[in-house]
Each structure stands twice: as C-alpha cells, then as structure tokens.
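What follows is each chain in one-letter form.
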Amino acid sequence: MENFPLLSLIAFLPAVGAVGIMFAPKASSNLPRQIALGSALVSFALSLVMLAAFDRDATFQFTERVEWLPDLGISYFLGVDGIAVLLIVLTTLLSLISIVWSWDTVKDRQREYYIAMLLLETGMIGVFMALDLFIFYIFWELMLIPMALLIGVWGSSNRVYAAIKFFLYTLFGSLLMLVGIVATYQAYYNQTGERTLDILRLQEGVALGAYGSTFQFWVFAAFFIAFAVKVPMFPFHTWLPDAHVEAPTAASVILAAVMLKMGGYGLLRFNLPLFPEGSADWTPVIVTLSIIGIIYGALVALVQPDMKKLVAYSSVSHMGFVTLGLFIGNLQGMDGAMLVMLAHGFNTGGLFLCIGVIYERAHTRNISAFGGIASRMPKWAAYFMIFMFASIGLPGLSGFVGEFLVALGTWDYNPWAALITFSVVIFAAWYMMWMFQRVVFGRASGEAPDVGDTQLLPSERDELAALGGGHNEGAEHGTYDTGGHGGLQPRPVSGGDHGRVDHDEETGGYPTHEGQIDSSKWADLTLKESLTLFPLAALTIIFGIYPKPLLAIVEPSFQAILEGAQRVVGN
Amino acid sequence: MSLELIVPDFGLVWPQFVVFLTAIVLSLADAFLPKHLHYRWLTAISLVGYSLGLLLLFGQNGEDRSTFYGLFRADGLTIFLTLVILAAAILTVFISASYIEHLEGRMPIGEFYTLLAFAVLGALLTASAGDLVMLFVGIELSSLATYILTAFAKRRVTALEGALKYFLLGIFASAILLYGMAWVYGSSGTTDLDEIAVQIQGVIAGQDNLDASLLLGLLLVIVGLGFKMAAVPFHFWTPDAYDGAPTPVTGFMSVVPKAAAFAAAVRILIQGLGPLRDDWVQVIAILALVTMVFGNIVAVSQRNVKRMLAYSSIAHTGYMLAGLAAYRAQEGFGTGDGDANQGVSSVLYYLLAYTFMNIGAFAIVVWIQHRGRGMELEDFNGLASVHPLPAAAMTVFMISLMGIPPTIGFYGKYYVIVALIDTDLLWLALAIVLMSAVSAFFYLRVVATMYFSEGQASRTQVQTPLLNVGIAAMVIAVFALGLFSTPIIDLADTWNGALTLAAQTTP
C-alpha cells in the first residue's frame, strides 16, 4: 500500500475520463456526461480515502517521485500536507457538484464541455499536489485553456471578452512567476551546487542562506503577482467580475470555489516558506491591499444590479480576508484564512448555484426583475438564505469562524486594521440582505398585494380596489395565487426551458409586468438542483458549528510555516 | 605544407550524401518519368531520401571528427542540426505535396522537390561546416534554392514581389557576410574555424585593445547572418517573402534557412570567434530584445494569419537569439554535466521545438486553403464547429507557440530562460516572459476565432491524407517531445564537446 500512486490516480482520473469522452462514439449523447460523472465521482471517493488516511502532522504524505529531467533538476514529485488535503477534497467535491449541475443544463457541444471540465479538474487537483516547481507550473498553466474555453463558448453575452481577459491576466502573472521559479532554482544552485526544483529542497535553502534579502524581495514579488491575480487581490481583481458573470453556472462555481483558492494556496506554499524575509518586507503592503480589497469589494457589491456580479465582488471582499489572515503572522490569522477559504468555497459555490437555479428559469440576473420568489420556490429560498447568511458571517454557519479568527489575528497585528476589518461585516450584511430581500421577499409579479398589509403604497391600494373591492379591512389575507382574482392574470410566458444554453442578452428575460419576471409557472427545486445544493448547505452548517476537525488537519502545517518564518526573520 | 592527399572519411558524410543523391535522382526522375507518375513517385523519392538520411544519422556516434581537410565537421552540433533539418524537410514534403500539385495553378512538382532537396542540402552543409568557405557555400546553396521556391506561385503578384525582395536583400546579405568573413580571414590568416579561434587568442593575448579589423569582421558577419535569420532590423524581407511564398514553402522557410543561419552563427561566433565572446554577447542580446519586441508587437495588428505567423517567426528568432546570448565560455572544460553551458543547448532545443510547432501552424493554414478558405482571420471563423480536429490541432500549435505547458514550446522557452538566468541576463529573461504574454494575445485570437465565432461550412470537400498524417505527427511530437526531453537535451549538450578541439590546441 506504500507505493500505491493514490495522488496520481486522483489527479489523472479526470484526464483519463476526458480522453475517454474524446474517443466515445459521436452518436451517444449520454455517454460523455456519464463518463464525466463517473470520473468525478471516483476522484472524489479517492480523495476522501486520502483524507481518512492522512496523519495529522506537518509532513508531506502519499509522496510519489519519478526523476524526469535530472539535468534541470526536474522530477515528477507529488505529495500532500494538511492544507493540500483539504483543498483537494474541496476541489473534487465541487467538480462533482458542477458536473451534476451541468447534467441537463448544457445541451450543445456536450462532449467538448465535459472534456474541458475534466481537464480543468485535473489541472486544479495537480496544482495542490505538486511538490516540484516545474510540475506545479505545468498544472497551473494547464487550467488556463479549459477555463477560457468554458467561459468563451458556453457563457453569456459578453463571454469572449471575459474569456480573453481572464486568460491574459492569469498568463501574465504566471509568466512572471516563471522567472521567479528559474531565479530561485539558480539561487539554490549558486549556494549548494545542486540543481533542483524540488520544493522541499528549495525550502532548505532558506536556512542555508541561499536567498539574499534583495533577492527575496524581488522574487517574492514575482511569485506574488501571479498569486495576487488569482486570489484576486485589489488591484489585480478586474478580471473576476467579468469572468464570473459571463461564465456558465458550473464554471462560475468552480472558478469561485476552487480556482480562487489557488492564489491563497500558492502564497502559503511558496511565498511564506521560501521567502520569509521577503514576506516580512511586503507584509505592510499586502495587509493594506487586503483591507482595501475587503472594503472595496463590499462597497462595489452594494451597487450592483446583477446578482452574479454582486456575488463576484463579494468574493473579492472575502478573499481579502484570506490574504490578510495569511500575512499577519500568527496562527489565528492562518487558521482563519484557511477556514475562510473553505467556507467561501461552500458558500459562494452555493450562492452561484442558487443564482443558477433562477437563471435557468428566468434567463436574467437582474435583481430588479425579480421579487417574491420565496412564495413560488420556498425550498430554494431556504437554501439561498443559508448561503447568504453564511456569506455574511453569521455565527453558526461556516463563514463566521474564519472571519472572526482573521479579525482576531489582525488585532494582534494592528488594532486599527482590525477595527476596519470588523466594520466591513456590516457592509456585507447590507448588500447581501438587501439583495436577498429584493429577490426573495416582496411581491412576486402577478401576485395581488397583501390585503392584511398595513403599509400599502397608494398604487397598491388602487390595484386592490380595482380587483374586486371590499376585501380590504382585515378579514382575510389576500391569496397569493392569481387564480382567485380576475384581473391579474399572468401573461403567458414561454419560460421554463430549462435546457437552453445561455446565449441570450443579460436582461433579456421574459419581462411581463413592469419589467418583472413572471415566476408563477416555476417549479421549485428539481432533484438535480437539490442534490447539488444539499451537500454544500450541510457542510456549511456542520463546519460552522464544529470547525475543529478542519483546523486539526491544517494546524501542524501552519505551525511549521510560522516557525520557519520566525527562525529566519529572527524572533 | 605537405602535398599528401588525405582521403576523406566518406563514412561521416553519408546523410548529406544521401540528400545530394536524392536531389540528383529527383531531377532525373522529373525529366524521365511520365507525367502522370510524377506526383506519387517524386513524393516517395523525397520521403525515402530524407528518411534514409535520418537513419544514417543515427549510425553516427558523437565523436568529434573532421574530414575533407577540415571543411566538414561531424560533431554534436552537426548531428543535432541534421536531425532538425531533415525532420523539417520530411514535414515540408508532407504538407506541400498536395498543395503544390493542386493549388495555385499547379506548380511543377518535380522542380519543387529538387529545389527543396538542394535547399536542405545547403542547410546541412552549413550545419556541418568547419570552415568559413564551407559555411558560405552552404548558405548560398540553401538561399538560392529558397529564393526560387519563394517565387513558385508565379502567377500571383505578391509571390514575385516577395521573392524579389528576398532575393535582393539576400544577396546583399551574402555579400556583407562574405566581406565580414574576409576581414576575419585577414585578421587570423586562416579560414578554418578552430584555427581562427586559436589565432585570435594569440592576437588578443598580445595587445591591450582589439584589432579594429577583427571587430569589423565580427560586426559584418553578425549583420549578414542577421539578415538570414530575420532578426530585426534586418527583417524587412520577411513579411513579404513569407506572404508571397506558397504556404508550405513559408513553413519550410521559417525553419530551415533559420536553422542554417543559427548553425552558421553558432559555428562562427562560438567556434571561430569564441574568444571575442565579451564583444558579441551584448550585441546579440540587444538584437534579441529588439527582435522579439518588434515581432510580437507588430504581429498583434495582423489580420492575415499567414502574415501574423511571419511576424511571430521573427519573434521566435528573438527568443533563439536570446538563448545564443546566454553563451558563456567554460575555462578548463570538464566532462560532467554540472558545468554544461546551456546557452547553445537551449538554442538547439528551441530550434527543434520551433520546427514542429511552426510547420504545424502553417500546415493547418494549408489544410484550410485546401478546403477553399483563405488565410484571413475571418476564414478561421467557427472552424471548431465545422472541422473540430484541425481546430484542435491549431489550438495545440498556438498554445505551444505561446509557451504554455505541457507543450514543447514551453520547454524551449523554459530552457532559454534557465540559460539566461544562469549567465545573469535577467533583463532578457524578463523580456522573453513579457513578450510571451503579449504574443498570447494574437495566438489566442486565432483560437478564439475558431471556437467562439460562428462559422460556415467549407466550400471544397477534399481528401488530404498525407497532410493529415503530417499534422497528426506534429501534434503528437509537440506533446511527446516535451515529455521525453531528456534524450534531446543530452543530444543538444553533446555539442559542448566541440569546444575541446579549440581549447586543446591552444599553444
């Protein structure tokens, strides 16, 4: 069992599935998605096995190593520590959920879609496992093309612009990282005479003094830019709103829930351990940018008319917590950052899925077009509420613990910074709950105003009067379906083609009454949609109440990183 | 000097000799075979000839030897470059057979293959040259054949214009190169490259500043070679020549003459003028920077895919020049790979990678031209929905040209960057990286057009088996050669042994 290549299996099973789809006979329309589902499922199961078999310490486990290009010091080296384990399970879970989601929502060019999803999954999992800088870079770049294709082919109206922007931004950052990688390789070689790109060996170089102060300053920056684009940190975040909005739902989920974590992971795996002095030098800048990002993301989210863009900016805000937590140099901060990462994965993934549910029905994401969905789809509203509150950071749900720990750690670093950070929670509540109220509560179109409502607008009073007057004084509550009152018949809509691909205008839904969507014909959550939402909601609640198992897995690694940093920086 | 006749070691020249024989057989067959057999037989003869040359190459070991009075060198550089050039030749035959025969007014295929063979032969001779004269002969042979090949689509005005520009600038370049070689000969008293290195060491050992004649010779040689390899600012013939030539010829032109020019550059600058390293490294580095910046930035504005690929060729020349600039002379040469100089190896590796990905990109253009489409970006609209496999192949070549792993283009760039940082040319490494990001824009534009736009069906339905095989082979090579880089890198490294001859004969 020692040499069983578990990690390679987890990473490459989706790629094998992709190859399988490529060779599947063109006629069968079920086979691609079945293969995709199968690969994702097995990968997920194996990742759970890996989680169960993981020892809670700071070592890298399940390592696999094959010499590849010895002249350049490159070997195929995989291994996981606590941080990687959790992120890999997150990746496989969310990929599985995305593929289940895409089951009936992607209709044309299915084969290419699932091939892209599976290749993307391989790239993502590989990034978390790679312990050789070259392999890391390969997996990092591997994700670019499938994601760009997913956004550009199956996305919304402005998808080509978003796809190209995403691609060029990320590529630019990665290329700078490449120079950093080679520079690190060279510095280690100059110090020890050994050519290697093995991360563990390069880390030993820190103690050997292979990396001078100036060197660390610049190479940290090179790596940092690549990860800052991915996180995304202000001011490198401008690709995110476009990419998230234009991507199809499943791709948005993966982008938000997994790909953003890679920036944080990269900072954790490379910038902190390899360049402790550089980290110390850059910390003030990073803390400042993080706090700006937190506030900026929240403020801009407040004014968004598009639901998905709102959630995208809230992601910018949340990821500010992550980078803040990582660089304030104490254990609470790092624990908090990790929990924020995981929680954000569940919550934002769930939020995008919920938005996807109503987008499938309405074909618009404009907040003002919605209203009163709770009365039509109570189950959906319940899920949406869970994810919404978790995103705000309500105690008892997963978002709270992480944010609290980060804020706590920031207090040790600088009380003023902590004050600002705490205050942003209010903004988060503001934009989220306001959006929630406008979309979920209120009056649905085609619905009569509530007779028992004591604060009717004059226009609403007129409507009620026109309907069949005389019901007004408190006797009964108005019914919520349209059948009873003669006048307010909903205009027939052809909505509900659940299978349509999203190639339409952003606001071009089926507006009926005052630009509102008619939601009366909408079914509540289908089985598939419940299947995708339930696990995330359950995880959010469970880890909101009891996050200790997660922390137990990652804390040894964090302590090792902190000790390494403190030893060098001289505490 | 003794007058003994030294019998040349013919065993060393078998690959080149086979190519020469192929050229002869092709011209004879063109004259004597009945017309209707030409296409099949001549293509077969070409392929057999080049493949045989490749096979004979594997029979040679890496020992450094010279023959023909030092005119011919059989060392690691020869072997590697012969491999690259013959591979390029085979791929060119694959992609050009059907094009020359059927498209653009039925060009004479016998003459095409013969000229191709001579162009290949010239390049091979350049790669294996041990002497300035041989270098010039090889370059001239290759260039003359290529000038004519450029004009092959003679009914198209752009073809004639491009060919004329290439020809005129090319002969100027050859004259400048020859003049530079004359000055070098004057300063050193010999045309044998190893001898030149020895003599020059003596010359510079004895004085505080360098002889102006030597520097002039160096400069003129760099200018002459710069024309041949399409470096900026000697590139002005490139866009028109590449645009005017038939597309498969463009693919050939972007690789083989460039490989020959780089072979000449390595031989002259490193083997011959190695002691002047400090003088020419800065020049080459600046040339590299200007070339890659210009090539990438102008390519962004191109709407014609063929022209875009022409400017991208210029950009890749820049990357290769950067690898060349990373040369560092080794004192007291050792045998371990620990101190191997990676500048030249990276150039060689990049040439191999470049062969596959560039000819591949042109092959796809040939493919769509066969189906009645043109070469503008609009002709690629929606290709992915109409012809998914060629679109996927083009995507592979585009991402390889961009330098994205796991394709071979990435390994090439990576190797060059490693070599540059090894010799503290960090600014050039950063330039490569930034320009790669810029290049992503126009490469990605092709991919985006293929996948994201609406397209229409092709006008012509035609079978192109040989072309398809070639494209498939190149796609596989782009992925596989990256994965199995080690033997290639080892082969590229064997060239470092060539320096020992010069170093050991120092008086």
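Parameters and conventions
Throughout this description, residue numbers start from 1 for each chain and increase along the sequence as written. As a convention, the first chain written is A and the first ligand written is 1, with the rest following in written order. Selection of residues for local features in this predicted model requires a pLDDT of at least 70, selection of side-chain atom pairs for listing and counting requires 80 or more, and totals for whole chains, interfaces and linings are taken over all residues. The basis for every side-chain value is the complete set of non-hydrogen atoms in the structure, without hydrogens or water. By definition, any uninterrupted DSSP run of H or I lasting at least four residues is a helix, any uninterrupted run of E lasting at least two residues is a strand, and each is numbered from the N terminus. By this rule, a helix spans an expected 1.5 Å times one less than how many residues it contains. Only protein chains enter the calculation, and the probe is 1.4 Å; a residue is then buried if its accessible area is under 20% of its type maximum, exposed if over 50%, and partly exposed in between. Pairing of aromatic rings covers Phe, Tyr and Trp, the last counted by its six-membered ring, and requires centre-to-centre distances within 6.5 Å; plane angles under 30 degrees mean stacked, over 60 mean edge-to-face, and any other angle means tilted. The rule for a charge over a ring is simple: NZ of Lys or CZ of Arg within 6 Å of the ring centre, and within 35 degrees of the ring normal. Contact criterion: two residues are considered in contact whenever any of their non-hydrogen atoms come within 4.5 Å of each other. When two components associate, each loses some accessible surface as probed by a 1.4 Å sphere; the sum of these losses over both components is called the buried area. One side-chain nitrogen of Lys or Arg within 4 Å of one carboxyl oxygen of Asp or Glu is enough to make a salt bridge. Pairing between two strands requires that DSSP report at least two bridges joining them. The patch calculation keeps residues exceeding 30% relative accessible area without a salt bridge and links them within 9 Å when they carry like charges or within 5 Å when they are nonpolar (Val, Leu, Ile, Met, Phe, Trp, Tyr). The accessible surface values rely on the Shrake-Rupley method and a 1.4 Å probe; as for residues, cover is taken only from the protein chains in view. Remark: nonpolar core denotes a set of buried residues (Ala, Val, Leu, Ile, Met, Phe, Trp, Tyr, Cys) joined through side-chain atoms within 4.5 Å. His residues and chain termini do not enter the charge count, which takes Lys and Arg as positive and Asp and Glu as negative. N or O atoms closer than or at 3.5 Å make up a polar contact, with two conditions inside protein: a donor-capable atom paired with an acceptor-capable one, and, for residues adjacent in sequence, both atoms drawn from side chains.

## Focus: helix α3 (residues 82-105) of chain A
Point 1. A rise of 1.5 Å per residue sets the reference length of α3 of chain A, with its 24 residues, at 34 Å; its end C-alpha atoms lie 35 Å apart and thus fit the reference within 8%.
Point 2. Burial within α3 of chain A is extensive, with 22 of its 24 residues counted as buried.

## Observations regarding the packing of aromatic side chains
Point 1. Inspection of every chain in the model, using the stated rule, returns 50 aromatic pairs over all chains.
Point 2. Centroid distance Phe 410 of chain B to Tyr 414 of chain B: 5.9 Å. Interplanar angle 40 degrees. Geometry classified as tilted. One end of the pair is Phe 410 of chain B and the other is Tyr 414 of chain B, both in helix α17 (residues 408-422) and four residues apart, which spans about a single turn. In this structure, Phe 410 of chain B and Tyr 414 of chain B share a single accessibility class: buried.
Point 3. Cation over ring: Lys 528 of chain A sits above Trp 101 of chain A, and NZ or CZ is 4.1 Å from the ring centre.
Point 4. Note that Arg 371 of chain B overlies the ring of Trp 367 of chain B, its terminal NZ or CZ placed 3.6 Å from the centroid.

## Looking at the interface of chain A and chain B
Point 1. In this assembly, 36 residues from chain A lie in contact with 39 residues from chain B.
Point 2. Approximately 3400 Å² of surface area, both sides summed, lies buried where chain A meets chain B, with 76% of it carried by carbon and sulfur atoms.
Point 3. Of all residues in chain A, Asp 71, Leu 72 and Val 179 of chain A bury the most surface against chain B, accounting for 16% of the area lost on that side.
Point 4. Here chain A is connected to chain B by zero salt bridges.
Point 5. Breaking the side of chain A that touches chain B down by element, the ones donating at least two residues are β1 (61-69), α5 (133-142), α6 (144-154) and α7 (159-192) of chain A.
Point 6. For the side of chain A that touches chain B, the element with the most residues is α7 of chain A, which contributes 17 residues.

## Comments concerning the pairing of β1 of chain A
Residues and elements named next belong to chain A.
Point 1. In the sheet, β1 pairs with strand β2 (residues 74-80) via six bridges, with the strands oriented antiparallel. Counted as the bridge partner of Val 66 is Tyr 76 from β2.
Point 2. Here β1 folds back onto β2 in antiparallel fashion, the turn holding four residues, of which Gly 73 has a positive phi close to 75 degrees.

## Quick look at a nonpolar patch on the surface
Point 1. A surface patch of nonpolar side chains, about 690 Å² in accessible area, is lined by Trp 14, Phe 17, Phe 20, Leu 21, Ile 24, Leu 28 and Phe 32 of chain B.
Point 2. Tracing the sequence through the fold places Leu 28 of chain B in helix α1 (residues 14-32).

## Considerations on the nonpolar core
Point 1. Judged by nonpolar contacts, the single largest core of 389 residues is most densely connected at Phe 167, Trp 380 and Val 439 of chain A together with Tyr 50, Trp 280, Phe 380 and Tyr 414 of chain B.
Point 2. Per-element accounting of this core gives the leading share, 20 residues, to helix α14 (residues 342-370) of chain B.
Point 3. Once residues within four sequence positions are removed from consideration, Val 439 of chain A is found in contact with Met 307, Ile 358, Ile 367, Phe 370, Gly 371, Gly 372, Ile 373 and Trp 380 of chain A.

## Things to note about the side chain of Glu 64 of chain A
Residues and elements named next belong to chain A.
Point 1. For Glu 64, the position within the fold is in strand β1.
Point 2. One buried charged residue, Glu 64, forms no salt bridge at all, with the nearest opposite charge on Arg 65 at 11 Å.
Point 3. Reaching out from Glu 64, the side chain makes a polar contact with the backbone nitrogen of Leu 7 at a distance of 3.1 Å.
Point 4. Ignoring sequence-local partners within four residues, the contact set of Glu 64 consists of Pro 5, Leu 6, Leu 7, Ser 8, Tyr 76, Phe 77 and Leu 78.

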